[in-house]
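# Survey of secondary and tertiary structure
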Amino acid sequence: MGNVVKIFASFTRRFWPENMYDVICPESFVPEMWMLRYPETERGCGQPYQITAFLAGERADRASNMTEAAALSSFLAQLDDMFGSREDPTPATSSLAHSLVVDWSKEPFVGGAYSYPTLGVELGDRAALAAPVAGTVFFAGEASSTSCNPCIQGALETGHRAANEVMASLEAAAHRSRL
C-alpha cells in the first residue's frame, strides 16, 4: 500500500492568483497542491482561503519522517518562494491561520493511502480481493475496485457493491429461515 501525506492550510487572505486552482511542482517538496476558496458560512468562523498539499509515494515517505512542524514549514517556504514579492516576501507564512498534517501511514485504522499495481499483478487480482468469504465477510475499498483505482470513487463504488452483497446475503438467510 502506498502512502500519502496531505497538508491542509487555511489563510487569512488569498495571496495566489484568483483563478488558480491546481499547481504542479515536479521538483519541489510539495509536487501538487490545490487552491480553494470556501464561502463564509458564519461571519468570523473559519478562513475561506485554503491550500491542500498532496505528497505521495517516496515524497510522502520522506515527509512522514519529518515532524509535522517541519513538514508545514517546508510547505510554507515553498509557497513563500512561489508567491512572495519584494513588498510581501512571506505571504504564506505571514497569513497562515490554521493547519493540519495528515500522514495516512500513521492512521491506526488505515495504515496507508492507496493501492497500486506492481510487477506480477494479474488480471482478476482486484476481483479476487473483493470476493466475499463464505457469504459472511465482505470487502470494500479502492483496492478492490475493478474499474476505478486508486481513488475515492473506487472506494465509494465498492462500498455500494459490498452493501448490496450484504443485503443479498441477509435476504437469502431470511428466506432460508422461512423455509
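Right above here is the structure, for reference.
From a predicted model like this one, the values you see are computed outputs, not experimental measurements.

Moving on to the sheet that holds strand β2 (residues 22-24). The sheet built from 5 strands is open, its strands ordered β2-β3-β4-β1-β5 with antiparallel pairing. Each edge of the open sheet carries a strand with a single partner, namely β2 and β5 (96-103). On average, adjacent strands in this sheet sit at an angle of 15° to one another, irrespective of strand direction. In this fold helix α1 (residues 57-64) packs onto β1 (4-11), β4 (49-56) and β5, with an angle of close to 105° to the strand it touches most, β4.

What follows deals with the side chain of Thr158. Within the secondary structure, Thr158 is located in helix α5 (residues 152-178). Among the residues examined, Thr158 registers a relative accessible area of 1% and is labelled buried. When neighbours within four sequence positions are excluded, Thr158 is seen to be in contact with Phe139, Ala140, Gly141, Glu142, Ser144 and Ser145.

Tallying each qualifying case throughout the model produces 6 aromatic pairs. Seen in terms of ring centroids, Trp16 and Tyr49 are 6.3 Å apart; in terms of plane orientation they differ by 80°. Their pairing is edge-to-face. Here the residue Trp16 occupies a position in the loop between β1 and β2, and Tyr49 occupies one in strand β4, the gap between them amounting to 33 residues. Using a relative accessible area of 4% as the deciding quantity, one classes Trp16 as buried. By relative accessible area, which is 17% here, Tyr49 ends up buried. Through a chain of ring-to-ring contacts, three or more aromatic side chains come together here, namely Phe11, Phe15, Trp16, Tyr49 and Phe83.

It is worth spelling out the pattern of salt bridges at this point. A full pass over the atoms with the stated rule returns 3 salt bridges. In this structure, Asp88 and Arg13 form a salt bridge, with 2.7 Å as the shortest nitrogen-oxygen distance. Taken together, the positions of Asp88 in the loop between α2 (68-83) and α3 (91-95) and Arg13 in the loop between β1 and β2 put the pair 75 residues apart, joining distant regions of the chain. Residue class for Asp88 comes out partly exposed when judged on its relative accessible area of 24%. One salt bridge in this structure joins Arg161 and Glu165, with 3.2 Å as the shortest N-O distance. One end of the pair is Arg161 and the other is Glu165, both in helix α5 and 4 residues apart, which spans about a single turn. Looking at Arg161, the relative accessible area reads 24%, which means it is partly exposed. For Glu165, a relative accessible area of 22% puts it in the partly exposed group.

Turning next to a nonpolar patch on the surface. A contiguous nonpolar surface patch, about 360 Å² in accessible area, is contributed by Trp104, Phe109 and Val110. Structurally, Val110 can be placed in the loop between β5 and α4 (125-130). Assessed through its relative accessible area of 39%, Val110 is described here as partly exposed.

Given a rise of 1.5 Å per residue, 27 residues ought to cover 39 Å, and the 39 Å separating the end C-alpha atoms of α5 matches this to within 8%. Within α5, the full set of buried residues consists of Gly154, Thr158 and Ala162.

Right, let's get into the side chain of Gln50. With respect to the element layout, Gln50 can be found in strand β4. With residues up to four places along the chain from it excluded, the contact list for Gln50 reads Ala9, Ser10, Trp16, Trp34, Met35, Leu36 and Tyr38.

Calculation notes
- Residues numbered from 1 in each chain as written.
- Predicted model: local features only at pLDDT ≥ 70, side-chain atom pairs only at ≥ 80, totals over all residues.
- Heavy atoms only, no water.
- Pairing = 2+ DSSP bridges.
- Helix = DSSP H or I, 4+ residues; strand = E, 2+ residues; numbered from the N terminus.
- Axes fitted to C-alpha atoms, helices over the stretch in contact; angles between N-to-C directions.
- Contact = heavy atoms within 4.5 Å.
- Buried < 20%, exposed > 50% of the residue type's maximum accessible area, 1.4 Å probe, protein only.
- Phe/Tyr/Trp six-rings, centres within 6.5 Å; stacked < 30°, edge-to-face > 60°.
- Salt bridge = Lys/Arg side-chain N within 4 Å of Asp/Glu carboxyl O.
- Patch = residues over 30% accessible without salt bridge, like charges linked within 9 Å, V, L, I, M, F, W, Y side chains within 5 Å.
- Areas by Shrake-Rupley, 256 points an atom, 1.4 Å probe, with all protein chains shown as cover.
- Expected span 1.5 Å × (residues − 1).

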